[in-house]
Amino acid sequence: MSFVFTEANEANFAHLLPRYPHPKALVLPCLWMAQYQDTYISMDAMHFIAKKLNVPVAHIYSVATFYTMFNLEPMPKYHIQVCKTLSCELCGKEDIIKAIEEETGLKVNESNEFFKLTQVECLGACAGAPILQLNEDYHENLTPSSTKKLLQRLVL
Ligand code: FES
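Residues numbered from 1 in each chain as written. Predicted model: local features only at pLDDT ≥ 70, side-chain atom pairs only at ≥ 80, totals over all residues. Heavy atoms only, no water.

Novice: Got a minute to help me understand the overall build of the chain in this structure?
Specialist: Helix and strand counts for the chain stand at seven helices and four strands. Referenced to the eigenvectors of the C-alpha coordinate spread, the extents of the chain come out at roughly 50 × 30 × 25 Å. Counting only residues that meet the buried cut, the chain has 40% of its 156 residues in that class. Looking at the chain alone, contacts between residues at least 24 apart form 62% of all its contacts between residues at least 6 apart. On the chain, roughly 8,900 Å² of surface is accessible, and the fraction owed to carbon and sulfur atoms is 54%. Each charge sign in the chain was given a centre, from 13 positive and 17 negative side chains, and these centres are 2 Å apart. (Helix = DSSP H or I, 4+ residues; strand = E, 2+ residues; numbered from the N terminus. Buried < 20%, exposed > 50% of the residue type's maximum accessible area, 1.4 Å probe, protein only. Contact = heavy atoms within 4.5 Å. Areas by Shrake-Rupley, 256 points an atom, 1.4 Å probe, with all protein chains shown as cover. Lys, Arg positive; Asp, Glu negative; His and termini not counted. Charge placed at Lys NZ, Arg CZ, Asp CG, Glu CD.)

Novice: What is the right way to look at helix α4 (residues 57–66) in this model?
Specialist: For the α-helix, the turn length of 3.6 residues means that residues three or four positions removed from each other point alike. Turning to α4, its buried residues are Ile60, Val63 and Ala64. Seen from one end, α4 has its buried residues packed into an arc of 95°, which puts them on one side. Exposed residues pointing more than 90 degrees away from the buried face of α4 are listed as Ala58 and Phe66. Among the structural elements, α2 (27–38) and α3 (43–53) are those in contact with the buried residues of α4. (Arc of directions from axis to C-beta.)

Novice: How should I be thinking about the pairing of strand β1 (residues 78–83) in this particular structure?
Specialist: Taking burial as the measure, the six residues of β1 include six buried ones, the bulk of the element. Pairing of β1 with strand β2 (residues 115–120) involves six bridges; the strand directions are parallel. Along β2, the bridge assignment pairs Val82 with Gln119. As paired strands, β1 and strand β3 (residues 132–134) are joined by three bridges and run antiparallel to one another. Across the sheet, Val82 pairs through a bridge with Leu132, a residue of β3. (Pairing = 2+ DSSP bridges.)

Here is the structure:
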């Protein structure tokens, strides 16, 4: 097992541990720390967390694979997640996807050294449709033009 928490994550873990009634309740914070550390959650990281929390690795795996916000493979710098649900679909999601494809040269579910492009279910900000999530930030009321400008600012 080669994964270990950084010193900062170990300190954060020690800070959080007494705040939870059972170490098992720390699964999500530990998965977030592992993801921030490596951009994704490796099997090594899952084994490390399972040992640290004294729970079966199958439990860690089931949580990490249940939530779509956890990456199970190394990620490029920017993850573009475009909402594909009804409000965004009706408000021009396809035009946003096309603009991203033109700007990055990527198709949905492809990645390069800067970007990964995926479509996701409702991001819970339907009033701002069409919307995309760029890493942890939401960008709402997009047009093809504003989407291209957003991406151009990232690679300058
Ligand atoms: S339908 Fe896109 S955010 Fe809800």
